[in-house]
Amino acid sequence: MLGRRTSKTRSLAIRPKLFLLLVALAASSVACADRTPPTIYDVRVTASPRPDAPLGIPIELSSDEPVRLSVELLSTTGSDVPSIQKLETIDFQPVFRTEHAFPLVGLRPATSYEIRFIATDKSGNSRQAPPLIIETADLPSDFPPIEVNTSDPTRMEPGATLFSVYRWNAEGRDSTYGFLVAVDATGEPIWYYRTDHPISHAIPLRNGNLLYQTTVDSISGLQVEIDLLGNVVNTWHSLALDTRVPSESFLVSVDSLHHDVVELPNGNFATLSTELRTYADYPTSERERDAPKTTQEVVGDIIVEFGRDGTVIQQWHLLDILDPYRIGYDSLGTNYWATTYQALGKSEPNVTDWSHANALDYDPNTDSFIISARHQDAIVNIDRTGTLRWIL
């Protein structure tokens, strides 16, 4: 028993020394911790904003160690004695790096800004760079008028609202006018992209760029990827436009590309295209059941999955999934696809617009596509096997 007590006494005697050693090590660790804030230098606007996207400002800066950045936007208001109004703080570029290049967006037109970049290193030390002063240009004279009737930011998701704008004149849609516009929660423009062609639909991509649909000479078949500075990054075109686009554009070997596009989880795109088939004993009237039948060339929609290099991965043909003799209001119209199929070699196309799909979405929960077919008066859900899951 005495031996055991002696062992226990020795153990208790050692513990205070061990405790003091740990305290000393901790103090040494704190003393050696990095407390030096990073240095930001060479903050610069690398080029004048593009005239077609002047609210995107190209910024570059460097730091003496890997940092992540945040930015404070402050606007100067007033004529005689400007006041400073802090608008927001944006955390971006979460990756630690020493060289930073990015588009600064979110600025309102005709406004003077003081922009403060804050760098934080891996130890949590922060330093603010000397402020950058930027004055943004006013909106162009042909910018679409925007009227805000109601705005309640507390009930809105964070971020901006992106939409495209057409202009119509006495002859119809103006083929030389197109705008992509982003507005903040109050409806104020904070970014726009001006083109000389109409833009029908646009989506944000996971890489931070935008992808939009357009036409060339009224032919449906071009998709354009741009960055937020207005630079064209990639284009994809259909067979109908193979001789009317730059050589660096990626060919997607389908008749058309139209209306809508989605970016899939695997990095590919899904979009809408068309095909042409001939049917005998086809209806000639949407209202008269007993009207004469005829042989008719019918345009049906296709869902197309393609890769970034333009390779077609898979197609789902609506004419194989729905009854091609199922017609709705305007299913027998012959004007919409005439120009596209004339470009594909049909001299006098008399092709009916059977389905006229104009919206596409992807459901990752069921790995299926939801397609709106205007002339079928239907919303359709199709899985990857081509099975019709439901129709509304």
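The model shown is predicted, which means the values in this text are computed figures rather than measured ones.

Trainee: Describe the side chain of H237, with residues and values.
Mentor: Secondary-structure assignment places H237 in strand 15 (residues 232-237). Within the structure, the side chain of H237 is placed 2.8 Å from the side chain of D242, a separation counted as a polar contact. For H237, the residues in contact, after removing those within four places along its chain, are G221, L222, D242, V245, S249, F250, L251, V252 and L257.

Trainee: I'd like a rundown of the nonpolar core, residues and numbers included.
Mentor: Membership of the largest hydrophobic core comes to 24 residues, with the highest contact counts inside it found for I303, L318, W354, L360, F369, I371 and I382. Listing elements by their share of this core, those giving two or more residues are strand 18 (269-283), strand 19 (293-306), helix 2 (318-321), strand 22 (357-363), strand 23 (368-373) and strand 24 (378-383). In terms of residue count, the dominant contributor to this core is strand 18 (four residues). Among all residues touching I303, those that are not within four sequence positions of it are T271, L272, Q314, Q315, W316, L360, F369, I371 and I382. Listed in part, the 19 residues of the second largest apolar core include W191, Y193, Y212 and A240.

Trainee: Now, about the sheet that holds strand 7 (residues 161-165): what can you tell me, with residues and values included?
Mentor: Spatial strand order, 7-10-11: three strands in an open sheet with antiparallel pairing. Single-partner strands in this sheet number two, and they are strand 7 and strand 11 (189-195). If you compare each strand with its neighbour and ignore which way they point, the axes differ by 15° on average. Two elements, strand 10 (residues 178-183) and strand 11, share six bridges in a ladder whose sense is antiparallel. Bridging across to strand 11, G178 finds its partner in T195.

About the cut-offs
- The residue numbers shown here count from 1 along each chain, following its written sequence.
- Selection of residues for local features in this predicted model requires a pLDDT of at least 70, selection of side-chain atom pairs for listing and counting requires 80 or more, and totals for whole chains, interfaces and linings are taken over all residues.
- Computation of side-chain values covers all heavy atoms of the structure but excludes hydrogens and water.
- Each helix corresponds to a stretch of at least 4 residues labelled H or I by DSSP, and each strand to a stretch of at least 2 residues labelled E; elements are numbered beginning at the N terminus.
- Definition of a polar contact: a pair of N or O atoms within 3.5 Å, with one able to donate and the other able to accept a hydrogen when the atoms are protein atoms, and with sequence-neighbouring residues admitted only if both atoms are side-chain atoms.
- The criterion used for residue contact is that any of the two residues' heavy atoms lie within 4.5 Å.
- As used in this record, nonpolar core signifies buried Ala, Val, Leu, Ile, Met, Phe, Trp, Tyr and Cys residues forming a set joined through side-chain atoms within 4.5 Å.
- Burial status follows relative accessibility: with a 1.4 Å probe on protein chains alone, a residue under 20% of its type maximum counts as buried, one over 50% as exposed, and anything between as partly exposed.
- When DSSP finds two or more bridges between two strands, those strands count as paired.
- Here an axis means a line fitted to C-alpha atoms, over the contact stretch when the element is a helix, while the angle between two N-to-C directions is reported on a 0 to 180 degree scale.

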